[in-house]
Amino acid sequence: RHRAEHTWFSLAGTLPLLSMNAERAGREIVAACRRGDAELILSPPARFAVAFQTRFPEITADLLGLAARLLPGVGGIGTRRAKGADSASLLSPSPLTAMGDQAARRNNEIP
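For the structure given in this document, a descriptive report is provided here. Per chain, residue numbering runs from 1 following the sequence as it is written. Only residues with pLDDT of at least 70 get local features here, since the model is predicted, and only at 80 or more are side-chain atom pairs given and counted; chain-wide, interface and lining totals rely on the full set of residues. Excluded from the side-chain calculations are hydrogens and water; all other atoms, namely the structure's heavy atoms, are used.

Quick look at the overall build of the protein chain
Cut-off, in case you're wondering: Secondary structure elements are taken from DSSP: a helix is a run of H or I of four residues or more, a strand is a run of E of two residues or more, and numbering for both begins at the N terminus. The globule rule used here is 2.2 Å times the number of residues to the 0.38 power, and the radius of gyration it is set against is calculated over C-alpha atoms. Three labels apply to residues, based on accessible area from a 1.4 Å probe with only protein chains included: buried if under 20% of the type maximum, exposed if over 50%, partly exposed otherwise in between.
Check the secondary structure of the protein chain and you find 5 helices and 0 strands. Along the protein chain, from the amino end to the carboxyl end, the secondary structure elements read α-α-α-α-α. Taken over C-alpha atoms, the radius of gyration comes to 17 Å for the protein chain, far larger than the 13 Å a tight globule of 111 residues would show. Across its three principal directions, the C-alpha atoms of the protein chain cover 40 × 40 × 25 Å. By the burial criterion, 14% of the 111 residues in the protein chain qualify as buried.

In C-alpha cells form, the structure reads like this:
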C-alpha cells in the first residue's frame, strides 16, 4: 500500500504543526553540537510529546499503539520498492503538500 503510506507521510511531513524548516533545524543542531548538548528536542510538538510521555508513560504507549493501527497495513507491492513519484494519490501531491514539495526541490531531494 505504498500510495497510502506515501500520502500519510508526505502530509505529516508538510503540515506546519507537525514539521519544521530544515534550515532552522540544521542551525539548531549545529548550535547544540557546539554547546556540547547531549540531547536536543527541536519542535514544540516534540517537547510536548516528551513531557507527556515522562508524566504518562502508559497512556503514551496506548496512544502510540492506536497511531500504529491507523497506519496503512501490509500488502500491495510486498518487498519491492516504489519511488515517491510512483506513489502519487489524490492528496499527494496536492496543495496540502505544497510546502513540503517546495522544500524538497530547494534541498535537492527530487531526482
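What to know about the pattern of salt bridges
As a reminder, the rule being used: A pair is scored as a salt bridge if a Lys or Arg side-chain nitrogen falls within 4 Å of a carboxyl oxygen belonging to Asp or Glu.
Evaluated as defined, the whole model comprises 3 salt bridges. The residue E23 makes a salt bridge to R106 at a minimum N-O spacing of 3.6 Å. Placement of E23 in helix 2 (residues 22–35) and of R106 in helix 5 (residues 98–106) is noted, with a sequence separation of 83 residues between them. Owing to a relative accessible area of 32%, E23 belongs among the partly exposed residues under this scheme. Across the salt bridge formed by R35 and D37, the nearest N and O atoms sit 2.7 Å from each other. The exposure class assigned to R35 is exposed, which follows from its relative accessible area of 53%. Among the residues examined, D37 registers a relative accessible area of 35% and is labelled partly exposed.

Overview of the layout of surface pockets
For clarity, the threshold we go by: The way it works is a 1 Å grid over only the protein atoms, where trapped points that fit a 1.4 Å probe form a cavity and open points with protein on both sides within 12 Å along at least five of seven lines form a pocket, and then any residue with an atom within 4 Å of a point lines it. Grid points are joined across faces, edges and corners, and a volume is the space filled by probe spheres set on the points. In this classification, the charged set is Asp, Glu, Lys and Arg, the nonpolar set is Ala, Val, Leu, Ile, Met, Phe, Trp, Tyr, Cys and Pro, and all remaining amino acids, among them Gly, are polar.
The volume enclosed by the largest pocket comes to roughly 800 Å³. Listed by contribution, the elements that provide at least two residues to the lining of the largest pocket are helix 1 (2–12), helix 2 and helix 5. The greatest single-element share of the lining of the largest pocket, amounting to 8 residues, is contributed by helix 5. When grouped by side-chain class, the residues that make up the lining of the largest pocket number 11 nonpolar, 12 polar and 7 charged. Approximately 230 Å³ is the volume found for the second largest pocket. The residue inventory of the lining of the second largest pocket, partitioned by class, reads 4 nonpolar, 7 polar and 5 charged.

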